[in-house]
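Each chain, written out:
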Amino acid sequence: MSILARLGIRLLDAVLPPHCLTCEAEVGEQGTLCEACHGGLAFLAEPLCPHCGVPLAKPAPFCLTCEMQPPAFSAARAALRYDDAAQRLLLPFKYADRTELAGFLARQMAAAGASLLARADLIAPVPLHWRRQFARRYNQAGLLAARLARRARKPYAPRLLRRIRRTIPLGELGADEREEVLRGAFALGFRAGPRIAGRRVLLVDDILTSGATAEACARILLDGGAAAVDILAAARVPDPRSDSALTAA
Ligand SMILES: [Zn+2]
Ligand SMILES: [Zn+2]
């Protein structure tokens, strides 16, 4: 969409009654959802695995996956369950230029990840490969990270990590294959070393699928000298093993 067309939409938005972000219903305030769409979203709530944030049936110190192999990151949290309703927000946000959805998503993420935001020294997005970012014109994780940093008054560090290899969608792959695909996909950003030394980084992504991407990024940051890494996503797949239809970029 051209800048002129976007500007046109902004102008129209300013004179027309505000609409729900995901349907045609009128709402009281720009950038919100109607009651029906809001009610359709599944907000993740305790009990969650303290490490990876996966919903649990009852409170426990770990989920089974974390007990077998604890993640490199300290904690991961997400605002929403990644279901049909969440897809109506996230797919247009990610692929169809609906960048205005970032505000609503970041508000939900700030609530779900309040403690992670409070303890973060730096806020960084999971990077896209430059070719993909060039084609899409924005990194959806970067839009979320920038808004979260502004809300929390923390430094936004968009170039802590680089994606140096394009990767195929991970959705259909098993854990070992994911790890293989992601090996060498990320590297520390230029001059990022001194910035992260001894600091706690909050890494932001749009969708947490298997956690393999978050894990790969966390390892790079920790190897590079970061004290700790937390993960905050807009939505997560509750049990990645039960869902093979998803793709992670
Ligand atoms: Zn609606
Ligand atoms: Zn866990």
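As shown above, the structure is provided for reference.
Note that the structure is predicted; figures quoted are calculated from it, not measured. (Residues numbered from 1 in each chain as written. Chains lettered and ligands numbered in written order. Predicted model: local features only at pLDDT ≥ 70, side-chain atom pairs only at ≥ 80, totals over all residues. Heavy atoms only, no water.)

With respect to the packing of aromatic side chains
So, step 1. Within this structure, the stated rule accounts for zero aromatic pairs.
So, step 2. For Arg162, the ring lying beneath its charged end belongs to Phe190, and the centroid distance is 4.0 Å. (Phe/Tyr/Trp six-rings, centres within 6.5 Å; stacked < 30°, edge-to-face > 60°. Lys NZ or Arg CZ within 6 Å of the ring centre and 35° of its normal.)

Let's talk about the environment of Pro61
So, step 1. With respect to the element layout, Pro61 can be found in the loop between helix H2 (35–40) and helix H3 (64–68).
So, step 2. With relative accessibility at 59%, the residue Pro61 sits in the exposed group.
So, step 3. With sequence-adjacent residues up to four places away left out, Pro61 is seen in contact with Pro50 and His51. (Helix = DSSP H or I, 4+ residues; strand = E, 2+ residues; numbered from the N terminus. Buried < 20%, exposed > 50% of the residue type's maximum accessible area, 1.4 Å probe, protein only. Contact = heavy atoms within 4.5 Å.)

A look at the coordination of the zinc ion (ligand 2)
So, step 1. Protein coordination at the zinc ion (ligand 2): the donors are Cys49 (SG), Cys52 (SG), Cys63 (SG) and Cys66 (SG), at 2.2 to 2.3 Å from the metal.
So, step 2. In terms of primary sequence, the donors binding the zinc ion (ligand 2) are separated according to C-x2-C-x10-C-x2-C. Side by side, Cys49 and Cys52 carry an identical accessibility label, which is buried. (Donors = N, O, S within 2.8 Å, 3.2 Å for Na, K, Ca; no water.)

Some points on the coordination of the zinc ion (ligand 1)
So, step 1. The protein atoms that coordinate the zinc ion (ligand 1) are Cys20 (SG), Cys23 (SG), Cys34 (SG) and Cys37 (SG), at distances spanning 2.3 Å.
So, step 2. Viewed at the metal, the four donor atoms of the zinc ion (ligand 1) are separated by angles of 103 to 116°, and the geometry they form is tetrahedral.
So, step 3. Expressed as a motif, the donor residue spacing for the zinc ion (ligand 1) is C-x2-C-x10-C-x2-C. Here Cys20, found in the loop between helix H1 (3–15) and H2, pairs with Cys37, found in helix H2; they are 17 residues apart in sequence, far enough to count as distant.
So, step 4. For Cys20, a relative accessible area of 6% puts it in the buried group. (Tetrahedral: all angles 85-135°; square planar, octahedral: opposite > 155°, others 65-115°.)

Some thoughts on the packing of helix H4 (residues 84–95) against helix H5 (residues 101–112)
So, step 1. The geometry of H4 relative to H5 is characterised by a closest axis approach of 10 Å and an angle of 130° between their N-to-C directions. The angle between H4 and H5 falls in the class oblique. Both H4 and H5 take part in a crossing whose hand is left-handed. Here Leu89, Leu90, Pro92 and Phe93 of H4 lie close against H5, whose contacting residues are Leu101, Ala102, Phe104 and Leu105.
So, step 2. Among the residues making up the contact of H4 with H5, the classes are represented as eight nonpolar, no polar and no charged. (Axes fitted to C-alpha atoms, helices over the stretch in contact; angles between N-to-C directions. Parallel < 35°, antiparallel > 145°, perpendicular 65-115°, else oblique. Left-handed = near helix turned anticlockwise from the far one by under 90°. Nonpolar A, V, L, I, M, F, W, Y, C, P; charged D, E, K, R; others polar.)

Some remarks on the packing of helix H9 (residues 175–182) against helix H11 (residues 212–223)
So, step 1. Running from N to C, H9 and H11 point in directions that differ by 45°, and their axes come no closer than 10 Å. One way to sum up the angle between H9 and H11 is to call them oblique. Considering only the axes of H9 and H11, their crossing is right-handed. Across from Arg178, Glu179 and Leu182 in H9, the residues of H11 making contact are Ala212, Thr213, Ala216 and Arg219.
So, step 2. Of the residues in the contact of H9 with H11, the class split is three nonpolar, one polar and three charged.

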